[in-house]
Amino acid sequence: MKEKKYVIFLVAVLIIYILTELAKPNPINWTATYHSNHKIPFGTFATHDLLKDLFSGKPAEPAYKSIYELVNEDQIESNLLLMSDVIALDRNDMETLLSYINDGHTVVLSARDFGGALTDSLDFRIGVKDPLLTYDFEAIQETLVGEATEVITLDLDKDQSVLYPFSNVATTSFFTKVPEENFKVRAFNEAGQAVLAEYTGLKGKLYISTMPLALTNYFVLNEKTSSFASSILSLFPEDESLIHNEYYQLGRNESQTPLRVVLANKSLRWAMFILLLTLVIFLLFESKRRQRIIPLITPLKNLSVEFVETLGRLYYRQKDHKKLAQKRVSYWKDFVRRNFNLRVDQFDEEFEKELSKKSGLEINKVQVLLHFIKKVESGSEINQDELIRIEKNLNAFYGIE
Amino acid sequence: MPFIRSFYITNRFFYTAGALIFLFVLGFAIPVFSIVAEAAFYLSLTLLLVDMLLLYRTKNGISLERLTTEKFSNGDKNAIRIILESRYPVKVDCKVIDELPEQLQIRDQQFDLSLEPGTVKEVNYDIHPTKRGEYAFGVINVFASTILGIVRRRYQLGERKNVAVYPSFIQMRKYELLAISNQLQAFGVKKIRRIGNNMEFEQIKNYVSGDDYRKVNWKATARKGQLMINQYQDERSQQVYSVIDKGRVMQMPFEGLSLLDYAINASLVISNIALKKGDKAGIITFQQKVNSMLPASSRNMQLNLILEHLYKQKTGYKESDYSKLYATLKRKVTQRSLVLLYTNFESLSALKRQLPFLQRINKQHLLVCIFFQNTEVEKIINTKANDLEEVYTKGIAEQLSFEKKQIVKELQSHGIHSILTPPKELSVNTINKYLELKSRGLI
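The rules behind these values
Residues numbered from 1 in each chain as written. Chains lettered and ligands numbered in written order. Predicted model: local features only at pLDDT ≥ 70, side-chain atom pairs only at ≥ 80, totals over all residues. Heavy atoms only, no water. Contact = heavy atoms within 4.5 Å. Buried area = accessible area lost by both parts, 1.4 Å probe. Salt bridge = Lys/Arg side-chain N within 4 Å of Asp/Glu carboxyl O. Polar contact = N/O pair within 3.5 Å; in protein donor to acceptor, adjacent residues only side chain to side chain. Helix = DSSP H or I, 4+ residues; strand = E, 2+ residues; numbered from the N terminus. Nonpolar A, V, L, I, M, F, W, Y, C, P; charged D, E, K, R; others polar. Core = buried A, V, L, I, M, F, W, Y, C linked by side-chain atoms within 4.5 Å. Buried < 20%, exposed > 50% of the residue type's maximum accessible area, 1.4 Å probe, protein only. Domains from an automatic or database assignment. 1 Å grid on protein atoms, 1.4 Å probe; cavity = no way out; pocket = protein on both sides within 12 Å on 5 of 7 lines; lining within 4 Å. Points joined across faces, edges and corners; volume = space filled by probe spheres on them.

## Details of the interface of chain A and chain B
Every contact between the two is made by 54 residues of chain A and, on the other side, 66 residues of chain B. Between chain A and chain B lies a buried interface of about 5500 Å² when both sides are counted; carbon and sulfur atoms form 65% of it. Taken as a group, A:R290, A:R292 and A:Y331 account for 13% of the area that chain A buries against chain B, more than any other trio of residues on that side. Inspection of the region where chain A meets chain B yields 5 salt bridges. Note that B:K409 is salt-bridged to A:D334, the shortest N-O span being 3.8 Å. Where chain A touches chain B, the interface holds 24 residue pairs in polar contact (both at pLDDT 80 or more). For the side of chain A that touches chain B, the secondary-structure elements that each account for two or more residues are helix 11 (266-286), helix 12 (304-318), helix 13 (321-340) and helix 16 (384-398) of chain A. Of the residues belonging to the side of chain A that touches chain B, the class tally is 25 nonpolar, 11 polar and 18 charged.

## With respect to the nonpolar core
By size, the foremost hydrophobic cluster in this structure holds 46 residues, and its most contacted members are B:I306, B:L338, B:L340, B:Y342 and B:Y434. Ranked by the residues each element gives to this core, the list is headed by helix 6 (residues 259-276) of chain B, at 12 residues. When near neighbours in sequence (up to four residues on either side) are disregarded, B:L340 contacts B:V240, B:Y241, B:S242, B:V243, B:I270, B:V368, B:I370 and B:T430. Membership of the second largest hydrophobic core comes to 40 residues, among which are A:A60, A:L196, A:L213 and A:L233.

## Focus on the domain arrangement of chain B
Split into domains, chain B comes out as domain 1 (1-166), domain 2 (169-194 + 235-439) and domain 3 (202-233). Taking the mean C-alpha position of each, domain 1 of chain B and domain 3 of chain B sit 74 Å from one another.

## Observations regarding empty space enclosed by the protein
Think of a ball as big as a water molecule: rolled over the atoms, this probe shows where empty space is left. All names here are of chain B. Counted under the stated rule, the structure contains 2 cavities of 30 Å³ or more. Space inside the largest cavity adds up to approximately 80 Å³. Lining the largest cavity, in full, are E346, Q373, N374, V377, E378, L400, S401, K404, K405 and L420. Listing elements by their share of the lining of the largest cavity, those giving two or more residues are helix 10 (375-381) and helix 11 (388-413). If you tally residues by element for the lining of the largest cavity, the top one is helix 11, at 4 residues.

In structure tokens, the structure reads:
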């Protein structure tokens, strides 16, 4: 009955906990993932919907590989869209990218910050203001609610430029250096700093944008800014396929477990699963009791030996060999009196003979023993060596092996 | 749930799993083996299912019964029998684990046996309790497995049972028979030369050669016309009190049994013999005060009363107060009695403190002081010392042993009888003393 009570109590607590958790308002996840399946504000689910509309129902494919792999291994022939917080290509990626663009493809790179080989070779620089707005959820939320906006001027067509009021969250980055001989500025902020630039030194088209958030769900679904996104996405030719490469934000979209080698092979996978299953069975069934619990009862201990040893050590510290020898002799005398019925007040020849006869010890050994005993009896000093020889002789006498 | 509860796995299961894993890993290197491994896996799985089916298809496949006596005897071997019966159509191997009383502290007892279909087998074992009181047996766990031996099925059978451990009634019966049949010599009870004559008249009988002619009853001879002789017997109806010291000194255990329990066992033995010889037996226990007293009597019930009385004894091992004991004996035991005092003196000074009370008691009664040789110390005396420190230890041990013998002498010099005995031989030495005192007519 008692156990039942506990179970009921536990279940009740669990239910209350679940209810309060459900009742709590869900905090909004302001992480920028740019993932095509994410419906959070800074995912790109809506963007992909928009792409489908723009490209007459043909969806943009997501990819999770480096540019080098895509171009050299998968031999793609599509245009590329890259969105990320930071794009810092290594030399291989960059060279591949540039030659790929040179083959006549269109690429849009959109990131809050750029680094690595790309900025060096194309010779542009990026600046960031309000870095708090790139990671602090509360600041992001406040800014979005407070409607602090910055007007971005989009200048794709020569004749007409369009103004878009963007929240400050989207406009934290801008170009600080754009070499004019190779770049055309396509959009700029209130301070006149570029936020979208076209690189003109190649056969294909390369657009670099510092406003990746403008292409996420939040701003795509916002009426005021939605057409900014569609304008940028319209930079891709309509009849060519498009790949949204998420590698630079999310990495390889595959299981990250260290067991992936094991899991890749059928035999090893079997071995692995049998091992795990066996372990689970081991835990479940080997931990079961085989008999009831027997509480530990410490038995009474006989401490006589410890007592004697302690006393012995005490005397040993004093090193009074004479006193100990006397103790041993009085025990021996008692032994002789009791077992052999001999008087022990005189150790004469008669006594020697009798003792030898009764104890069965050879007469010369008896004499040696008696020599020591007489010495102890006379009260003279006994040294350590003698004490040990007395022990040996007594052992022979008592027949202790 | 009952299925899960009773389901256990053998080592063979894990060995098989290990072998399979090895085969699969081998299959990674040599692909042929992965086919073999897969086949082996399904084969093992089939065997596992077959094994489970064999074990669980038969309902109540094993039945058993545990047989014990109603009471156990403390300090002795007590037999327990378990009778198992199998109803399985196949041979099963059984691991039998009896849930023993916790006092025994045995956790590793296990019996392995195999049962042919429909056979009955017995498991016999002894337990050796060293404490009085209730011993609670749990159920008996039987783990059955077939010849495949992959899984085990547990049966929890037999009934929970409490058995009371009483003072050693086994010893009591043993010495009783021996005392009556005069075979005690074999156990170290020596025949005592009879000094003097017993004075209690029993009967007149015909003279046969060898009878003591000083005891010829001349009047009866004249009446009958042939030689008649008076026959005497040991005096009867003398009181024998077993006085048990329950104090601090009696706590020391030897071979698992405390001195108190040795004393209790010996009291039971001696009381039984005294009753059989026609004397009255009684019990007194004391520590810081007199705890209990069972007046001496020779009624039929007395032995049972003594047994129950001794069974109940509990103690806090306090410092014993001999003055209280003396006062009680003085007031309550008016007839001169044999007082067997079970106690322990470790040193001469311990004795000297109590000696005045012992002398007082000895004035009115015949006091026998029973105390114990310390066999642990004797062991030290009888081993070789290897270095100087051990020589010292041995010397001290000899001194302690010597002191015990001096205690005997000290008591002797005050006319008090004493028994210095190893705990194991307590009962024999006590009977011996009793018979000696009886035949010497000292009570």
